[in-house]
Amino acid sequence: MIAPRYLPFIVKQLVRHRVRTALTLAGVAVAMFLFIAVQTLQDGVRRATQATAGDTTLVVYRENRFCPAASRLPQFYVDRIRKIPGVVSAAPIKIVVNNCRASLDVITFRGVMPEDVSGPTGLAHKWTLIAGSLEEWNHRSDAALIGETLAARRGFRVGNSFDSSGLTVTVAGVIRSSEPQDQNVAYVHLNFLQQATLKGGGLGTVTQFSVRVSDPSLLGKVAAAIDEQFRAEADPTTTRPEKAFVAQAGADIVEIVKFTRVLGWGCLAAVLALVANAIVLSVQDRIKEHAVLQTLGYRSGLIARLIISEGVLVGVIGGAVGTSLALAVVHFGNFSLSQEGLSITLHASWHVLGWGLLISAGVGVVAGLVPAWRAGRREIASCFRAV
Amino acid sequence: MALTSTTPSNAPLIQCVRLTKSYKKGDYTITPLQELDLEVAAGDFLALMGPSGSGKTTLLNLIAGIDRPTGGRLVIGGIDIATLSRSKLADWRSRHVGYVFQLYNLVPVLTAYENVELPMLLHPLSSRERHEKVQTALELVGVADRHDHYPRQLSGGQEQRVAIARAIVTDPTILVGDEPTGDLDEDSAASIMLLMKQLCEVLGKTLIIVTHDAKCALHAHRTLYLEKGRLVDAKPSVSSRQGSAAQEVHT
């Protein structure tokens, strides 16, 4: 740590070479922008695929199918699923996606029955309705409840109608949910979706069942019981916890995002090299000045800390700019990666901003260590002789 | 830790006993100072003269604690400073030494005020106390009106005055100058020497300067001549002899 009374001295040393400092700050900002963007991706994957202790949702899919267009299950299965011990609720869902990875502008239509939405065990328990009304949705067959991210991205408001995937729906409400899968969703009536997409099996056919169990510890047992129930049927099932299902269905996206971690580390290495280069150049310019400081009584350690503080300041300022820009772009861009109707949402959080600043400061410290140590260990008289 | 508290009243402030300094340069060993014996009393004003490479600056740097002897002893105020650790020696310098360089060595990005404040930042003082001391030092050397000027906005003489203010602001026991007038014109050099002499007398500092200029050396109480790292001659300066004569007349 350095006493605040030295701060003006440190700042003036940075301002001394304005262009050099500005270029270094710009480099750090760009590298941190990329690093935070990668971190946000990682966060999105983690939130969508990592199981938590409170998870109680199972997804029942057609065996050996991972695509909503290919998974077709009889709707009547739902009555048999509801009778399995441990099941609190089961909702048949029909899924239609507006594009298969053609863009990041994904809309996932989920056809659900009105009685599966409301009520204490209904799907609505995960949401907060931030605009519109559930009554309006119940009364109107082409009504849609849309996710907050989708509404923000497309600029949809209650009462607006929009076309997608050959469907025309009217926004009856906007929902806010912590669930990644609710961000780009448009919940519509199951009948409406079945009738509108006859190629996908039509009436009586659904894509999946969303099953809630009474206790997280029952997830495995109930999943096994469901699959056992339909093993001998024409359409056998595979049942998995929701996040495991997302992880498997979007395995290639998850792998790609994991690979980007390497890019993130590369960005950090770039920041380290940039700041270290700036500090080394700055220290080389000031060999005599540091000898003067030592002559005045400045200890080696203090000189080293002054130099490291310059690195930290460059790292933190550049990092703050890059991190803030990245978070702003992610926040206002409302981006999602989609795979077969499943969404991995990019989410900007204060937590990432804090990490960004902490990492920038840490990189600043590391970058300044060697030049600082060398500057502090120089013999004063030899510095005057050498310059 | 005041030097006077550890120095017996009759003991010299600075004692060099067979003081030697040598260092390697490639395959050669250079010995700029060889077994030099010297005593300097508190309040003395000493001029070191001699040809280039005679060891003047080396001796000055050793006394200022910015270089370490390779042989002999260097006792200042009862402390053998060669035995002090790097950190302790830095602390010692901050309390007891004020150094004036030939090329001023002010920090270019700091104003005159901030340059003088630099050594004060090491001392546990409030910003108000620091301000008072810096202001006093700038007034003593006559550049208080230039406090907000950067070194590039000052003349050579003014820069050296700021450097002197920086050297005296911590109230050191010893003031050393390595050719403090070497980069100045004749008039500026004379006024700087006069200023240093006055400061030495008014503030009671021990002043040691290295100079090539015999006129500057005239201000000193004693002038030592070095050659090839050895003391070859020592004599009181004219001003000192004049002072003694005046004293004799007076008595």
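Residues numbered from 1 in each chain as written. Chains lettered and ligands numbered in written order. Predicted model: local features only at pLDDT ≥ 70, side-chain atom pairs only at ≥ 80, totals over all residues.

**Q** Teacher, can you tell me more about the overall build of chain A here?
**A** Of the regular secondary structure elements, chain A holds 14 helices and 14 strands. For chain A, the C-alpha atoms occupy an extent of roughly 90 × 45 × 35 Å along the three principal directions. Within the span of chain A, comprising 387 residues, buried residues form 48% of the whole. Once local pairs closer than 6 in sequence are excluded, the contacts in chain A between residues at least 24 apart make up 83%. (Helix = DSSP H or I, 4+ residues; strand = E, 2+ residues; numbered from the N terminus. Buried ≥ 20, exposed ≤ 12 C-beta atoms within 10 Å, placed from the backbone. Contact = placed C-beta atoms within 7 Å.)

**Q** Help me out: how do you make sense of the overall build of chain B in this one?
**A** Counting secondary structure elements, chain B contains 9 helices and 10 strands. Of all 251 residues assigned to chain B, the portion counted as buried reaches 45%. Taking contacts inside chain B between residues at least 6 apart in sequence as the whole, the part at least 24 apart equals 68%.

**Q** Explanation requested: the interface of chain A and chain B in the structure shown.
**A** It is common to give the size of an interface as the accessible area lost on bringing the parts into contact. Taken together, the 17 residues of chain A in the interface contact 18 residues of chain B. Looking at the side of chain A that touches chain B, the elements that each hand over two or more residues are α1 (7-16), α11 (287-296) and α14 (380-386) of chain A. Take the side of chain A that touches chain B: its biggest share by element is 6 residues, from α11 of chain A. In terms of residue class, the side of chain A that touches chain B is built from 6 nonpolar, 5 polar and 6 charged. (Nonpolar A, V, L, I, M, F, W, Y, C, P; charged D, E, K, R; others polar.)

**Q** Could you clarify how one ought to interpret the confidence of the model for chain A in this entry?
**A** Low pLDDT means the predicted atomic positions in that stretch should not be read closely. Per-residue confidence for chain A gives a mean pLDDT of 86; residues scoring 70 or more make up 95%. Model confidence for chain A, summarised as mean pLDDT per element, is weakest for strand β13 (residues 336-339) of chain A at 70 and strongest for α11 of chain A at 94. (pLDDT = per-residue confidence, 0-100.)

**Q** It is not clear to me how the domain arrangement of chain A should be interpreted in this structure. Could you clarify?
**A** When cut into domains, chain A gives domain 1 (4-48 + 252-386) and domain 2 (64-235). Of note, the centres of domain 1 of chain A and domain 2 of chain A, computed from C-alpha atoms alone, are 45 Å apart. (Domains from an automatic or database assignment.)

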